[in-house]
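The primary structure of each chain is shown beneath.
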Amino acid sequence: MHIEGRTNVTSQRFGSGSIDGLGRELGRFVVATMELPWNLVRERLGALPEAVVCVESLESDVVERQLAAMPPCDTVLAVGGGQAVDLGKYLAWRRGCRLVTVPTVISVDAFVTPKAALRRNHIVEYVGDSSPDPLVIDYDLLRTAPAELNIAGAGDVLSCHTATFDWELAQRAGRSTYPFSAADVAAGRRLVQDMDDQADEIRRVTDAGLQAIVDAYLRINTICLPADHYRVEEGSEHFVFYELEQRLGRGFIHGHIVGLGIYLMSRLQENDHERIVDLMHRLDLRFQPADMEIPRAALAESLLNVRAFTERHHHWYSVIQEREITPAWIEDALAGLRFTC
Ligand SMILES: [Zn+2]
C-alpha cells in the first residue's frame, strides 16, 4: 500500500528474502542487536560488520559507553525487536550516519517512530530523530517470532477504538489538551476497521496480515507526527495498565496489556464493547489476565485507584474522569475475564 503523508521512514523494502545480501550495500557497518535475532540473520547478510553491539540495557550511561567504543562506520544496522531497534536508532542518530532497520518481530512500533526510548534511572526518555533507509520487512524472518508477539502488534492499533472515544469525551467536556481533529479521529477509526478487515490474515500471520500491521503503524505516524501528539491511540486503555504496571512492579507485552485495557475501558465507555472484544477474539490477541498472570485482586484494586492515579500523573482527560468506577461495576466487568490467580 502507498502511504500518503509523513511517516519518518525514508525508504522501504518489503518481502520474504529482503535481508539476503543486504550487508553488501551498507559500506562499513555496525550492527545493533541481541544474540537471538543476530543469529537469525548473520549468515544471510553477505558481508561482515565492523562490530556487533548487543543490547545490555537501554540506560543512557550504558548506551553512551557502547557509543564511545564503537568503530567508525557508514551505517548502523538495527536487527531485532523494540530494544535493539531503539539502540540502533540512537547510535545512528548520535553518529549522524545512515540507519537501516530490520525488525524481527512487530509487537511494538519502535521501527517506525523517530525517537529512541532510552532510560535514565529507569525512567523512559524519548531522544533523537532517526529515519530508516530502508526499513526492511522480511515476512519469513518475522514469522520466526512466536505468532502471538506479531499479533500483539495489532493490539496497539486497536487502542484507537477507545482513545478516539476519550478524545471526543474530552472535547465535549472542554478538557481536550490539544486542538480537536474530527479528521484524525476518523482516520484512527479506519485503522481499527482495517484490523477488522484483515483479522483472519493477521491471526494466521500471513504476508498480508503482517503488512497490514506495518501499514497501520505507518499510518498512525501520518496522523500523529504532524499533530505532535498521540491522542488518537493513547487514552484510558493505556492509563489503566500504567497503574497496574506500577502496582505489580513489572511490564507486559504491550499489545496484550493494551488489549485488556480496551476490554475494560470500552465497557466503561459503553463504546461498542461486544464488537471490539469479538475482534480481539478473532485476532487471537492474548488480552486475558490469565495469559499475563495478573491476579484478580490486583486488577480490582488498580481499577478502584485509576482515577486518582491519572489525576496525579496529569494524564489526558478520559472516561476515567467522566464515569465513576464502583466496586459493583468492577465485579461485573471482571466476571467476563479469565484469571488463574
Ligand atoms: Zn501503545
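Preceding this section is the structure that the text describes.
Residues numbered from 1 in each chain as written. Predicted model: local features only at pLDDT ≥ 70, side-chain atom pairs only at ≥ 80, totals over all residues. Heavy atoms only, no water.

(A) Representation of helix H11 (residues 273-283). Among the residues of H11, those classed as buried are His273, Ile276, Val277, Leu279, Met280 and Leu283. In an axial view of H11, the angular spread of the buried residues amounts to 155°, which keeps them on one side of the axis. As for H11, its buried residues are in contact with helix H5 (147-172), helix H6 (182-197), helix H7 (199-203) and helix H10 (254-269). Backbone geometry just after H11 places Asp284 at a positive phi near 65°. (Buried < 20%, exposed > 50% of the residue type's maximum accessible area, 1.4 Å probe, protein only. Helix = DSSP H or I, 4+ residues; strand = E, 2+ residues; numbered from the N terminus. Arc of directions from axis to C-beta. Contact = heavy atoms within 4.5 Å.)

(B) Layout of the pattern of salt bridges. Within the structure shown, the criterion is met by 25 salt bridges. Taking the shortest distance from any N to any O, the salt bridge between Arg65 and Glu56 comes out at 2.9 Å. With relative accessibility at 47%, the residue Arg65 sits in the partly exposed group. Here Arg247 ties to Glu243 by a salt bridge, and the two come within 2.8 Å at their closest N and O atoms. Taken together, the residues Arg247 and Glu243, both in helix H9 (residues 236-248) and four residues apart, mark about one turn of the helix. On the basis of relative accessible area, Glu243 is assigned to the buried category, the value being 4%. (Salt bridge = Lys/Arg side-chain N within 4 Å of Asp/Glu carboxyl O.)

(C) Examining unusual backbone geometry more closely. Here the bond from Asp133 into Pro134 is cis, since omega is 0°, no more than 30 degrees from zero. For Pro134, the position within the fold is in the loop between strand E7 (123-127) and strand E8 (135-137). Even without being glycine, Asp228 reaches a positive phi, approximately 65°. Positionally, Asp228 belongs in the loop between helix H8 (207-227) and H9. In this structure, Asp272 takes a positive phi of about 45° despite not being glycine. The residue Asp272 is located in the loop between H10 and H11 in this model. The class of Asp272 is partly exposed, set by a relative accessible area of 44%.

(D) Structural view of the coordination of the zinc ion. For the zinc ion, the full set of protein donor atoms is Asp156 (OD), His238 (NE2) and His254 (NE2), and the range of their distances to it is 2.1 to 2.2 Å. All donors to the zinc ion come from one chain, and their sequence spacing reads D-x81-H-x15-H. Of this pair, Asp156 sits in helix H5 while His254 is found in helix H10, placing the two residues 98 residues apart along the sequence. His254 gets classed as partly exposed once you look at its relative accessible area, which sits at 23%. (Donors = N, O, S within 2.8 Å, 3.2 Å for Na, K, Ca; no water.)

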